[in-house]
Amino acid sequence: MISHLLKLIWNKKKAHALLIVEIWASFMVLFGLATLIVVNVRNYREPMGFTYENVWAVGLKSNQDTVAIAEKLQRVTQRLKAYPEVESVSRMSSNFPFSANTMNNGIEYNKRKVMADFYATDENFAKTLDIAVTEGKWYQYADSVGKYTPLVINQKVKEELFENENPLGKIIGEKFKVVGVVNTFKSKGEFMSDKPAVFELFKPDATWNDTVLVKVKPGTDAVFEAKLVKEIAAMMTGWNVEVDYLTDSRKNQHNLVLVPIIIALIVSSFLLINVALGLFGVLNLSIAKRRGEIGLRRALGATGNGISTQFIGEIWVLATFALLIGLLFAAQFPLLNVFDVKSGTYVTAILIAMLIIYGIVTLCAFFPSRQAAGIQPATALHEE
Amino acid sequence: MLLNYIKIAWKVLLRHPFYTFITLFGISLTLTVLMVLTSFLDHLIGSHYPETKRDRTLYVMQMHLQDSSRTSSSNGPMSFKFLTDYAKSLKTAERVTITTFINSSNAYVGSQKIKLNTKFTDADFWQVTSFEFLEGKPYNEQNIANGDNVAVITDDFKKHYFENSSEPVVGKDVEIENIHYKVIGVVKASPVTRPFTYADVFFPYTAPKSNYQGTGMRGGYVAMILGKDKADLPAIQEEFQSHIDRIPLPIIQDGTKFAVMDVKSVPYLENFLGSILNGNPGMKAIFFGIIFFVLFMLMGLPAINLVNINVSRIMERASEIGIRKAFGAPIRTLMWQFIVENIFITFIGGAIALILTFIVIHLINTSGMIAYADLTINLYVFVISIVVCLLFGLLSGVLPALRMSKLNIAEALKS
């Protein structure tokens, strides 16, 4: 059966070459789109690792003020804690969750290296963002008396640096001591991949950690915010005080990811509709041209189902040809590791793209093939 | 003759509405995407309000510092002092303005919070850019010298901040982060996609919190250098580079010693693409590879589709072609006829695409996805679209025409 179909296709190779190119190109578009979506869906399914509702990021900038910065920052933090509307306060570096800032550094343990995002925070960070500590505990100022800075790492760092060892109490880079492990921490939102992240406790007198995360009670509104900004600005002349809601910043980060995907999705689906319509038209025409052949087959006893199976079979063989060529191209991505994406993602994307292609060609061939099945041998042969 | 071809093409179009629909759908869709894309690119990089002189302006956006062992580097805007010393002093330029890049702040009106972008600029900013003043006037050198707390606001901010926005607001008071500013002018807002000029509130650089006093190399300021003419730009770039070359190395910034310093005055687009164009070849190959692939798919796929349908539909007209051939029409004439027909159809598709593009652009402009977007179909976009139309028509017409001209007369007439 298949060898017969192959022969039929080979006899019309010129006409079919264009169809194959078309299906191949559609496959490439679908492969790209599917990869993009699979990557983001995979990321989305991993937990973010913290909560952001009712958390505000208060950015403080000292501008030309250079006197006693650390004391002033501490005083602001104390003042913020004292408001009855505030549940919890934590000061950290400027790369607060969903912000555009990043800070990364290489860390090394036993000759294994990893690039990790660094977050300098104080002891209330986990409490403010509801981060669950899976091993050990979150650092406290009380137990950082030694010469090592306490460090909390995420699961990813643990896997890459320590594999099966217990990371608690280990010294990294002669400066840091691991005291706790958290699960995931995706600071750029749900669509970010789970990257290595470490949290270090900054010294109370550090001057550059100028963002304060404030968790307010639910229902607190801009009236309190205006009051807060006014009082803090009055406390610190010449400083900038700016409040960002983490929910707003999260939306911005999401738009950065979602808008390109949505545009790609719209354009690709129009392209595919276009291709599907074209395919339908071409198949319709080719079946109209082969009425004589169909009539003869019917006259010799082929069933209607047999005829429609033949046409669908033909288009499947064609699609398989095109997909094989497409696979040659698509396989380069996991083999050469062009982008930093797991090969499993590519395989899923290839499978999805193949399924959709087979679906489209079947859909396009179904109606013309049913029409072909309904051809009466007498009329078809009479026309000849 | 041409009119005849077009008449025939029109009849062919009407004969099978379904195939006509497929053909026109493909053409108009592709052209719409391309036109919206060109319009958007033009919106991003063309000379538009308030940077209408962008084509004769050079931008200084980034300073790149690197230490001798290449382990640490620092990139970003520069200090006010640096730009005053090395950019403001250019003799070949018509005018130079120094402004902060992107700053954000909040203002509060009752229980309402307004997120806003602020900019600290010098007085030349208003000459280099072409902001339209709806009320009042810009601040001048006198305001700056006095250190006045004055502000120029946009019409949009005015609408949000003042209760009665139909009244003039010049002379009224605006409070931002506990500091009171006097409104001196109101300008028409500009789109967020123009970071050099986009802001809701503009302050003179001597207003509080502008950090213009910084003495290092790096800071929060960028510069726009306006030339008298487009042809003057290379001379300005040369002069700026000679100023930069005078700076003694290494530079100490924030306690780190930097042996390499790189600042360039470049046309607008290069600011953003420079790092890719001057970067390593692998990065460049990937970047252009992706652009080429996307364009190929966008144009190629519908074109292949069209060729496919056209080739299949040739047989419909076999008898017509057979008769014309039998009466002695040369292959060239037949091909020419087919190509003209195709171009005619493409232009119908192009006209539909133009209408669709107007709708899409209108939707983008009014959706608020990009604040104050002003996408337009200008002459440039239109000419590109027509060229693409022609290309498309040729591309999808040539192969079927070739196929047709090879048709055997006897066989064609048999049916």
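Parameters and conventions
Residues numbered from 1 in each chain as written. Chains lettered and ligands numbered in written order. Predicted model: local features only at pLDDT ≥ 70, side-chain atom pairs only at ≥ 80, totals over all residues. Helix = DSSP H or I, 4+ residues; strand = E, 2+ residues; numbered from the N terminus. Buried ≥ 20, exposed ≤ 12 C-beta atoms within 10 Å, placed from the backbone. Contact = placed C-beta atoms within 7 Å. Nonpolar A, V, L, I, M, F, W, Y, C, P; charged D, E, K, R; others polar. Axes fitted to C-alpha atoms, helices over the stretch in contact; angles between N-to-C directions. Parallel < 35°, antiparallel > 145°, perpendicular 65-115°, else oblique. Left-handed = near helix turned anticlockwise from the far one by under 90°. UniProt positions renumbered as here; feature names shortened; annotations may be inferred. Domains from an automatic or database assignment. Pairing = 2+ DSSP bridges. Expected span 1.5 Å × (residues − 1).

### Some thoughts on the overall build of chain B
Next up, step 1: A tally of regular secondary structure across chain B gives 13 helices and 15 strands.
Next up, step 2: Seen through its C-alpha atoms, chain B measures out along the principal axes to roughly 95 × 60 × 35 Å.
Next up, step 3: Taking all 415 residues of chain B together, the buried fraction comes to 35%.
Next up, step 4: Looking at chain B alone, contacts between residues at least 24 apart form 78% of all its contacts between residues at least 6 apart.

### So, the interface of chain A and chain B
Next up, step 1: Tallying the contact residues gives 37 residues for chain A and 32 residues for chain B.
Next up, step 2: The set of elements that each furnish at least two residues to the side of chain A that touches chain B consists of helix H2 (13-45), helix H6 (222-235), strand E11 (240-245) and helix H7 (246-289) of chain A.
Next up, step 3: The class makeup of the residues in the side of chain A that touches chain B is 22 nonpolar, nine polar and six charged.

### With respect to the packing of H7(A) against helix H11 (residues 343-373) of chain A
All names here are of chain A.
Next up, step 1: Their axes nearest at 9 Å, the elements H7 and H11 cross at an angle of 25°. For the element pair H7 / H11, the angle class is roughly parallel. Here H7 and H11 pass one another in a crossing that is right-handed. Residue-level inspection shows Leu272, Ala276, Leu279, Phe280, Leu283, Asn284 and Ile287 of H7 in contact with H11, the latter providing Ile360, Val361, Cys364, Ala365, Pro368, Gln371 and Ala372.
Next up, step 2: In terms of residue class, the contact of H7 with H11 is built from 12 nonpolar, two polar and no charged.

### Some points on the environment of B:Val360
Residue and element names in this part refer to chain B.
Next up, step 1: With respect to the secondary-structure elements, Val360 resides in helix H11 (residues 331-367).
Next up, step 2: On the basis of neighbour count, Val360 is assigned to the partly exposed category, with 17 C-beta atoms found within 10 Å.
Next up, step 3: For the pair Val360 and Ile98, spaced 262 residues apart in sequence, the C-alpha to C-alpha distance is 37 Å.
Next up, step 4: Not counting chain neighbours up to four residues away, the residues in contact with Val360 comprise Thr32 and Val36.

### Digging into the UniProt feature "domain: ABC3 transporter permease C-terminal" (unreviewed entry) in chain A
Next up, step 1: Taking the UniProt record as the reference, the feature "domain: ABC3 transporter permease C-terminal" (unreviewed entry) is found at residues 266-377 of chain A.
Next up, step 2: In the segment residues 266-377 of chain A, helix accounts for 87% and strand for 0%; the C-alpha atoms at its two ends are 44 Å apart.

### Thoughts on the UniProt feature "transmembrane region" (unreviewed entry) in chain B
Residues and elements named next belong to chain B.
Next up, step 1: Under the UniProt annotation, the feature "transmembrane region" (unreviewed entry) is placed at residues 21-41, 285-307, 342-365 and 377-399.
Next up, step 2: Regarding residues 342-365, the helix share stands at 100% and the strand share at 0%, and the terminal C-alpha atoms are separated by 34 Å.
Next up, step 3: Between the end C-alpha atoms of residues 377-399 the distance is 32 Å, and the span holds 91% helix and 0% strand.

### Looking at the domain arrangement of chain B
Size of an interface: often given as the accessible area lost when the parts come together.
Residue and element names in this part refer to chain B.
Next up, step 1: Split by domain assignment, chain B resolves into domain 1 (2-47 + 283-414) and domain 2 (63-263).
Next up, step 2: Each of domain 1 and domain 2 was reduced to a C-alpha centroid, and the two centroids are 47 Å apart.
Next up, step 3: The interface is formed by seven residues belonging to domain 1 together with five residues belonging to domain 2.

### Comments concerning unusual backbone geometry
Next up, step 1: At the junction of B:Tyr49 and B:Pro50, the peptide bond is cis and its omega measures out at -5° in the coordinates.
Next up, step 2: Among the structural elements, B:Pro50 can be located in the loop between helix H2 (17-45) and strand E1 (57-60).
Next up, step 3: The phi torsion at A:Asn63 lies on the positive side, around 55°, for a residue other than glycine.
Next up, step 4: Structurally, A:Asn63 can be placed in the loop between strand E1 (55-61) and helix H3 (69-82).

### Structural notes on the domain arrangement of chain A
Residue and element names in this part refer to chain A.
Next up, step 1: Taken domain by domain, chain A comprises domain 1 (2-45 + 253-383) and domain 2 (55-217).
Next up, step 2: Centre-to-centre, using C-alpha coordinates, domain 1 lies 51 Å away from domain 2.
Next up, step 3: Secondary structure elements with two or more residues in the side of domain 1 that touches domain 2: H2 and H7.
Next up, step 4: Tallied by class, residues from the side of domain 1 that touches domain 2 come to two nonpolar, four polar and no charged.

### Re the sheet that holds strand E2 (residues 63-66) of chain B
In a beta sheet, neighbouring strands are held together by backbone hydrogen bonds and run either parallel or antiparallel to one another.
All names here are of chain B.
Next up, step 1: Strands sit in the order E3-E2-E15 across an open sheet of three strands; the sheet is antiparallel. Looking at strand neighbours, the two that pair on one side only are strand E3 (73-76) and strand E15 (260-263), the edges of this open sheet. Adjacent strand axes in the sheet meet at a mean angle of 5°, parallel and antiparallel pairs treated alike.
Next up, step 2: Pairing analysis gives four bridges linking E2 to E3, with the strands arranged antiparallel. Bridged to Met63 within E3 is Gly76.

### Observations regarding helix H12 (residues 379-405) of chain B
Next up, step 1: Compared with an ideal rise of 1.5 Å per residue, which puts 27 residues at 39 Å, H12(B) spans 38 Å between its outermost C-alpha atoms and is within 8% of the ideal.
Next up, step 2: Buried residues along H12(B) sit against H2, helix H9 (281-313), helix H10 (318-326) and H11 of chain B.

### Thoughts on the pairing of strand E4 (residues 112-121) of chain A
Residues and elements named next belong to chain A.
Next up, step 1: With six bridges connecting them, strand E3 (residues 104-109) and E4 associate as antiparallel partners. Within E4, the residue paired with Asn104 across the bridge is Asp117.
Next up, step 2: Between E3 and E4, which follow one another and run antiparallel, lie two residues, and Asn110 among them has a positive phi close to 55°.
Next up, step 3: In this sheet, strand E9 (residues 197-201) lies alongside E4 in parallel orientation, the contact comprising five bridges.

### Regarding the packing of H2(B) against H12(B)
Residue and element names in this part refer to chain B.
Next up, step 1: It is at 10 Å that the axes of H2 and H12 come closest, and there the two elements cross at 150°. Relative to H12, the element H2 is oriented roughly antiparallel. Judged by the twist between their axes, the crossing of H2 over H12 is right-handed. For the pair H2 and H12, contact is made by Ile27, Leu31, Leu34, Met35, Thr38, Ser39 and Asp42 and by Tyr380, Val381, Ile384, Ser385, Val388, Cys389 and Phe392, respectively.
Next up, step 2: When the residues that make up the contact of H2 with H12 are grouped by side-chain class, the tally is 10 nonpolar, three polar and one charged.

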